[in-house]
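A look at the structure
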Amino acid sequence: MLPKNQRQEGLSRAYVRAVAAHAGLIYTEPGEDVGIDVCLRTVLQRGRRYAPGAVQLDVQLKSTARANVTESHLAYDLEVKNYDDLRSPSPMCPRILVVFALAADESEWLGQSPEELTIRHCAYWLWLGGAAATAAKNTIRVALPLANVFSPAALREIVSRLERGDQPC
């Protein structure tokens, strides 16, 4: 059996893939470890054919079974190297952080019946573009607003902003 952290990662990728599919975006994973876990891209319709669109959103994906949730935020300790990657403006492609919060009890991660397959709890997103540098050496605590649920509607809104030339939020 895979270690717990790899099972968490697999479920977080499945969550993002499902959200992207429902939002109508192309989902790809870079073959190399370059600080981006998932690339999401728009799709254009040309007559009866479909082609990749011009807008791409890169995702740094994290998961935790020890979520620190307040009334308004999910606090997550992000490695400084990932923070620096996410806060640096990218001239070509914006990047967001997506943190999938799982239950502490692994038996609650997934539910299945003849009517549904349920991945329990949810993921939240955060755009750190332009955030200040940190003096921290190892990790920095970031706060993901609970209002930023990573959902198909939220993803479509992010993409709409990018298509207009705006920032993700």
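As a reminder, the structure under discussion sits directly above these lines.
Residues numbered from 1 in each chain as written. Predicted model: local features only at pLDDT ≥ 70, side-chain atom pairs only at ≥ 80, totals over all residues. Heavy atoms only, no water.

Details of helix H3 (residues 152-163)
Over its twelve residues, H3 runs 16 Å from end to end, which matches the ideal 16 Å to within 8%, given 1.5 Å per residue. Of all the residues in H3, the buried ones are Pro152, Ala154, Leu155, Ile158, Val159 and Leu162. End-on view of H3: buried residues confined to an arc of 165°, all on one side of the axis. Remark: Gly165 follows H3 within two positions and exhibits a positive phi of approximately 85°. (Helix = DSSP H or I, 4+ residues; strand = E, 2+ residues; numbered from the N terminus. Expected span 1.5 Å × (residues − 1). Buried < 20%, exposed > 50% of the residue type's maximum accessible area, 1.4 Å probe, protein only. Arc of directions from axis to C-beta.)

Some points on the pattern of salt bridges
Under the criterion given, the structure shown has nine salt bridges. The closest approach of N and O atoms between Arg13 and Glu29, which form a salt bridge, is 3.3 Å. Of this pair, Arg13 sits in helix H1 (residues 4-23) while Glu29 is found in the loop between strand E1 (26-28) and strand E2 (38-46), placing the two residues 16 residues apart along the sequence. For Arg13, a relative accessible area of 17% gives the class buried. Here Arg141 ties to Asp77 by a salt bridge, and the two come within 2.8 Å at their closest N and O atoms. (Salt bridge = Lys/Arg side-chain N within 4 Å of Asp/Glu carboxyl O.)

Side note on the sheet that holds strand E6 (residues 95-101)
Strands pair in a sheet through their backbones, by hydrogen bonds, and they do so in one of two ways: parallel or antiparallel. Sheet architecture is open: five strands sit in the order E1-E2-E3-E6-E9, paired in mixed fashion. Of all strands in the sheet, those with a lone pairing partner are E1 and strand E9 (122-126), marking the two edges. Across this sheet, the average inter-strand angle for adjacent strands is 30°, counted without regard to direction. The pairing of E2 with strand E3 (residues 49-64) spans eight bridges and is antiparallel. Within E3, the position partnered with Leu40 by the bridge is Leu57. Along the sheet, H3 contacts E2, E3, E6 and E9; its crossing angle with E3, the most-contacted strand, is approximately 120°. (Pairing = 2+ DSSP bridges. Axes fitted to C-alpha atoms, helices over the stretch in contact; angles between N-to-C directions. Contact = heavy atoms within 4.5 Å.)

Here we look at the nonpolar core
Counting residues in hydrophobic clusters, the biggest one holds 45 residues, and the most contacted among them are Leu40, Ile96, Val98, Val142, Leu144, Phe150 and Leu155. Excluding anything up to four places from it in sequence, Val98 contacts Val16, Val59, Gln60, Leu61, Lys62, Ala123, Tyr124, Trp125 and Phe150. (Core = buried A, V, L, I, M, F, W, Y, C linked by side-chain atoms within 4.5 Å.)

Concerning unusual backbone geometry
Despite not being glycine, His121 has its phi angle at roughly 70°, a positive value. Within the secondary structure, His121 sits in the loop between strand E8 (117-119) and E9. A relative accessible area of 44% means that His121 is categorised as partly exposed.

What about the packing of aromatic side chains?
Taken as a whole and assessed by the stated rule, the structure comprises one aromatic pair. On the basis of an interplanar angle of 40° and a centroid distance of 4.9 Å, the ring pair of Tyr15 and Phe100 is categorised as tilted. Note that Tyr15 is positioned in helix H1 and Phe100 in strand E6, a separation of 85 residues in sequence. For the pair Tyr15 and Phe100, a shared accessibility class is recorded, and that class is buried. (Phe/Tyr/Trp six-rings, centres within 6.5 Å; stacked < 30°, edge-to-face > 60°.)

Side note on H1
Taking 1.5 Å as the rise per residue, H1 with 20 residues should run 28 Å; its terminal C-alpha atoms sit 29 Å apart, in good agreement. Within the sequence span of H1, burial applies to Gln8, Leu11, Ser12, Arg13, Tyr15, Val16, Val19, Ala20 and Ala23. Phi turns positive, to about 85°, at Gly24, one or two residues after H1.

Thoughts on the environment of Thr28
Examined against the element boundaries, Thr28 turns out to sit in strand E1. Each C-alpha atom, one on Thr28 and one on Asp58, is 9.7 Å from the other, the two residues being 30 residues apart in sequence. Apart from the residues lying within four places of it in its own chain, the contact partners of Thr28 are Asp37, Val38 and Cys39.

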